[in-house]
Amino acid sequence: MQHLPIGVFDSGIGGLTIVKALNQALPNENILYYGDTAHLPYGDKSPELLRGFVADICDYLLESGVKAIVIACNTASAVTLDVVKAKAGTIPVFDVINPASHYALQVSPMKRIGVIGTKTTIQSHVYLRTLLELSPDALVVEKATPLLVPMIEEGWVNSQISLDIIEAYMSDTGFAHLDSLILGCTHYPLIKEEIQAYFNKSRPRPVEVVDSSVAVAQAVQKHLSESGLLNSSATLPVHQFVVSDLTPNFQATAATFLGREVELKVV
Ligand code: DGL
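If you're wondering where the values come from, they're calculated on a predicted model, not measured in any experiment. (Residues numbered from 1 in each chain as written. Predicted model: local features only at pLDDT ≥ 70, side-chain atom pairs only at ≥ 80, totals over all residues. Heavy atoms only, no water.)

What follows is about the sheet that holds strand 10 (residues 264–266). One open sheet accounts for six strands, arranged 4-3-1-2-9-10; its pairing is parallel. Of all the strands in the sheet, the pair left with one neighbour each is strand 4 (93–94) and strand 10. Running at roughly 165° to strand 3 (residues 68–71), helix 3 (residues 74–88) makes contact with strand 1 (6–10), strand 3 and strand 4 of the sheet. (Pairing = 2+ DSSP bridges. Helix = DSSP H or I, 4+ residues; strand = E, 2+ residues; numbered from the N terminus. Contact = heavy atoms within 4.5 Å. Axes fitted to C-alpha atoms, helices over the stretch in contact; angles between N-to-C directions.)

Okay, structure coming up:
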């Protein structure tokens, strides 16, 4: 069981930011990553449609033999967690919402927390519900920021365009008095520093920008360790990356998200 891979899935290649954090926290682990590039983006699709896509992905991962499933997508975590859990049975399932919410509360003395994500994630209010369950007196401000995913995929980061778009979204009056801002989308770690710089420049009090990938990797590490599922083998881990559709663009962008070259295979 320990030697089986961790199954990780996302709507596309953005979930590789979670794989990058998993590789850092769990360097021995084998990983099977599934990017549903044939159906992306998930962020503007209905929960009903996404539940069908995700059920098929779970079948693939479980038939391949995985010891845990990580939903490396905020939108899928928001609207398909119950589907994944029902498919997985006794296999542990990790979503991105819970670890990020716990961490945001830890770093928010006044409990004023902003959340940005895709339209489907924000419309689900999953972060609002989770944060209020953990801390009923939290003040949560949610905002859909749909232009950020295509902007990042176009490579328009650290540019005047990204500065302008980030400013247009972050200057929302609801975000005026935040302690922290949760990056509720797998793509956003690529612009974490730009968003942090915006708040550092424009706010008198510090605002901590929370990257859920690190919090998720820590949650997976803790659970596998406590349940004796960590891979203790000394051989080099195998990392496989499969997608439901392959284009040169996905192949090129994958390296940006993972931080190293990667070979995608279509299944
Ligand atoms: N992976 C999605 C998320 O984290 C963003 C990309 C998409 O819309 O498919 O919400």
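Close to the ligand lie Asp10, Ser11, Pro41, Tyr42, Gly43, Cys73, Asn74, Thr75, Thr118, Cys185, Thr186 and His187, which account for all nearby residues. The separation between a nitrogen atom of the ligand and a polar side-chain atom of Asp10 is 2.8 Å. A distance of 2.6 Å separates an oxygen atom of the ligand from a polar atom in the side chain of Thr75. Split by residue class, the shell around the ligand holds four nonpolar, seven polar and one charged. (Near = heavy atom within 4 Å. Polar contact = N/O pair within 3.5 Å; in protein donor to acceptor, adjacent residues only side chain to side chain. Nonpolar A, V, L, I, M, F, W, Y, C, P; charged D, E, K, R; others polar.)

Every α-helix winds through 3.6 residues per turn, so residues three or four apart in the chain are directed the same way. Buried within helix 9 (residues 192–202) are the following residues: Glu194, Ile195, Gln196, Tyr198 and Phe199. Packed against the buried residues of helix 9 are strand 5 (112–117), helix 8 (160–170), strand 7 (180–184) and strand 8 (208–211). (Buried < 20%, exposed > 50% of the residue type's maximum accessible area, 1.4 Å probe, protein only.)

Counting across every chain of the model gives zero disulfides. Here Cys73 is not cross-linked by a disulfide; its sulfur's nearest cysteine counterpart is in Cys185, at 7.4 Å. Of the residues examined, Cys73 reaches a relative accessible area of 3% and is grouped as buried. (Disulfide = S-S within 2.5 Å.)

This part is about the packing of aromatic side chains. Throughout the structure, instances matching the rule amount to four aromatic pairs. With centroids separated by 5.5 Å and ring planes inclined at 70°, the aromatic side chains of Tyr198 and Phe199 adopt a geometry described as edge-to-face. Assigned by exposure class, Tyr198 and Phe199 land together as buried. (Phe/Tyr/Trp six-rings, centres within 6.5 Å; stacked < 30°, edge-to-face > 60°.)

The subject of this paragraph is the packing of helix 8 against helix 9. Between helix 8 and helix 9, the shortest axis-to-axis distance is 10 Å and the interhelical angle comes to 60°. Our classification of the angle between helix 8 and helix 9 gives oblique. Between helix 8 and helix 9 lies a crossing of right-handed hand. Contacts between helix 8 and helix 9 involve Ser162, Leu163, Ile166, Glu167 and Met170 from the former and Glu194, Ile195, Tyr198 and Phe199 from the latter. (Parallel < 35°, antiparallel > 145°, perpendicular 65-115°, else oblique. Left-handed = near helix turned anticlockwise from the far one by under 90°.)

Under the definition given, this model contains seven salt bridges. Here Asp59 makes a salt bridge to Lys87, at a shortest N to O gap of 3.0 Å. Here Lys87 lies in helix 3 and Asp59 lies in helix 2 (residues 47–64), a separation of 28 residues in the sequence. Overall, the relative accessible area of 27% leaves Asp59 in the partly exposed class. According to the relative accessible area criterion, Lys87 is partly exposed, its value standing at 36%. Lys143 is the partner of Asp172 in a salt bridge, and the nearest nitrogen-oxygen pair spans 3.0 Å. Placement of the pair is Asp172 in the loop between helix 8 and strand 7 and Lys143 in strand 6 (residues 139–144), with a sequence separation of 29 residues. Judged by relative accessible area, which is 24%, Asp172 ranks as partly exposed. (Salt bridge = Lys/Arg side-chain N within 4 Å of Asp/Glu carboxyl O.)

Interpretation note: all reported values are geometric properties and have no functional meaning in isolation.
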